[in-house]
Amino acid sequence: MEIELRINGSARRLDVSPQVSLLDALREYLGLTGTKKGCDQGACGACTVLVDGRRINSCLALAVQYQGRDITTIEGVDHPLQAAFVRTDGFQCGYCTPGQICSAIGMLAEHKDGAPSAATEHLADTGELDDAEIRERMSGNLCRCGAYNGIVAAIKEVAK
């Protein structure tokens, strides 16, 4: 089946079976290998990309579902979080970093739009992002190296 995806600002045509995940389309058909395959079950967040500015696990999404939507992978990201991750040592091996950064961008937008999390004390007032709020909002992204303190510090730095 031939589809057209808008990825990182460019239209890309590819021929895929209907059951091909967005993750596999990105990596295997388009050569965009920044998005990582971790668990392939939506549990680790290594495959997080942005679709129309919202974060999704691309391993759980079918490529055919995303025709006509704006998909941003780490290759298309130009955001202050990238430098903040370096400054705060928010990565170690780097495997999860692309998903962490895409997820953090989406999470910051969600917070800005007033979306509460399970850690939000008063649902009508999302307030500033403290450590507990950031950790809860990023809980779908795992880091096997344990760079969580640096990740939280990077997000706090950019959120200010």
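Scroll up a little and you will see the structure.
So, here is what we can say about the structure in this document. Model, not experiment: these values are computed from the prediction.

### Observations concerning the packing of helix α3 (residues 97-112) against helix α5 (residues 148-159)
Contact geometry for α3 and α5: axes closest at 11 Å, N-to-C directions at 40 degrees. Here α5 runs oblique to α3, going by the angle between their axes. You can see that α3 and α5 cross each other, and the crossing is right-handed. Touching Q100, A104, M107 and L108 of α3 are I151, I155, V158 and A159, all from α5. Residue composition of the contact of α3 with α5, grouped by class: 7 nonpolar, 1 polar and no charged.

### Quick look at the sheet that holds strand β1 (residues 2-7)
Judged by pairing direction, the sheet is mixed, and its 5 strands sit side by side in the order β2-β1-β5-β3-β4 without closing on themselves. Edge positions in the open sheet fall to β2 (10-15) and β4 (54-57), since each of these has one partner strand only. Put simply, the sheet's adjacent strands are angled 40 degrees from each other on average, direction ignored. Two elements, β1 and β2, share 6 bridges in a ladder whose sense is antiparallel. The residue bridging I3 from the neighbouring strand is L14, located in β2. Running over the sheet, helix α1 (residues 22-29) touches β1, β2, β3 (48-51), β4 and β5 (70-72) and is turned about 95 degrees from β2. Along the sheet, α3 contacts β3, β4 and β5; its crossing angle with β3, the most-contacted strand, is approximately 40 degrees.

### Structural notes on the nonpolar core
For soluble globular proteins, the rule of thumb is that nonpolar side chains tend to be buried together. Counting 22 residues, the largest nonpolar core has L81, M107, I134 and I155 as the members making the most contacts within it. Contributions of two or more residues to this core are made by α2 (80-87), α3 and α5. Among residues more than four places away in sequence, those in contact with M107 are R55, L129, I134, R137, M138 and I155.

### Some details on α2
Taken together, the buried positions of α2 are occupied by L81, A84 and F85. With its buried residues spanning 105 degrees around the axis, α2 presents them on a single face. What points out from α2, more than 90 degrees from its buried face, is the exposed set P80, V86 and R87. Contacts made by the buried residues of α2 are with α3 and α5. D89 lies just past α2 and shows a positive phi near 55 degrees.

### What to know about the packing of α2 against α3
A pair of packed helices is characterised by two quantities: the angle between their axes and the separation of those axes. Look at α2 against α3: their axes get within 10 Å of each other, and the N-to-C directions meet at 125 degrees. With respect to their mutual orientation, α2 and α3 come out oblique. The element α2 and its partner α3 pack so that their crossing is right-handed. For the pair α2 and α3, the contacting residues are L81, Q82 and F85 in the first and T97, Q100, I101, A104, I105 and L108 in the second. A class-by-class count of the residues in the contact of α2 with α3 yields 6 nonpolar, 3 polar and no charged.

### Quick word on the side chain of E133
The residue E133 is located in helix α4 (residues 131-137) in this model. Using a relative accessible area of 5% as the deciding quantity, one classes E133 as buried. A distance of 2.8 Å separates polar atoms of two side chains, one belonging to E133 and the other to T120. Apart from residues no more than four positions distant in its own chain, E133 is found in contact with S117, A119 and T120.

### A look at the state of the cysteines
Summed over the entire model, instances satisfying the criterion amount to 0 disulfides. C47 takes part in no disulfide bond, and the closest cysteine sulfur, belonging to C59, lies 3.7 Å away. Relative accessible area serves as the criterion here: at 3%, C47 is assigned to the buried category. Free of any disulfide, C143 has its nearest cysteine sulfur in C96, 3.9 Å distant.

Rules used throughout
- Throughout, a residue's number is its position along its own chain's written sequence, starting from 1.
- Per-residue local features are limited, in this predicted model, to residues with pLDDT of at least 70; the limit for side-chain atom pairs, both in listing and counting, is 80 or more; totals at the level of whole chains, interfaces and linings are taken over all residues.
- In computing side-chain properties, one takes all heavy atoms of the structure into account and sets aside hydrogens as well as water.
- Note on definitions: angles span 0 to 180 degrees between N-to-C directions of axes, and those axes are lines fitted to C-alpha atoms, for helices only across the stretch in contact.
- Runs of H or I in DSSP of at least four residues are treated as helices and runs of E of at least two as strands, each being numbered from the N terminus.
- Just so you know how the angles are binned, under 35 degrees is roughly parallel, over 145 roughly antiparallel, 65 to 115 roughly perpendicular, and the rest oblique.
- Helix crossings get a hand from a simple test, with the near helix turned counterclockwise from the far one by less than a right angle marking a left-handed crossing and a clockwise turn marking a right-handed one.
- Contacts are assigned to residue pairs that have any heavy atoms within 4.5 Å of one another.
- In this classification, Asp, Glu, Lys and Arg are treated as charged, Ala, Val, Leu, Ile, Met, Phe, Trp, Tyr, Cys and Pro as nonpolar, and every other residue, Gly included, as polar.
- Two strands make a pair as long as DSSP finds a minimum of two bridges between them.
- Only buried Ala, Val, Leu, Ile, Met, Phe, Trp, Tyr and Cys residues count toward a nonpolar core, and they belong to the same one when joined by side-chain atoms within 4.5 Å.
- For every residue, the accessible area (1.4 Å probe, protein chains only) is compared with the maximum for its type, and the residue is labelled buried under 20%, exposed over 50%, or partly exposed between those bounds.
- The reported arc concerns the directions from the helix axis to the C-beta atoms and nothing else.
- Whenever a nitrogen or oxygen atom comes within 3.5 Å of another N or O atom, the pair is scored as a polar contact, on the condition that within protein one atom can donate a hydrogen and the other can accept it, and that pairs from neighbouring residues in sequence are kept only if both atoms are in side chains.
- Whenever a pair of cysteine sulfur atoms sits within 2.5 Å, that pair is classed as a disulfide.

Everything listed here is a matter of coordinates, which is why it stays silent on function.
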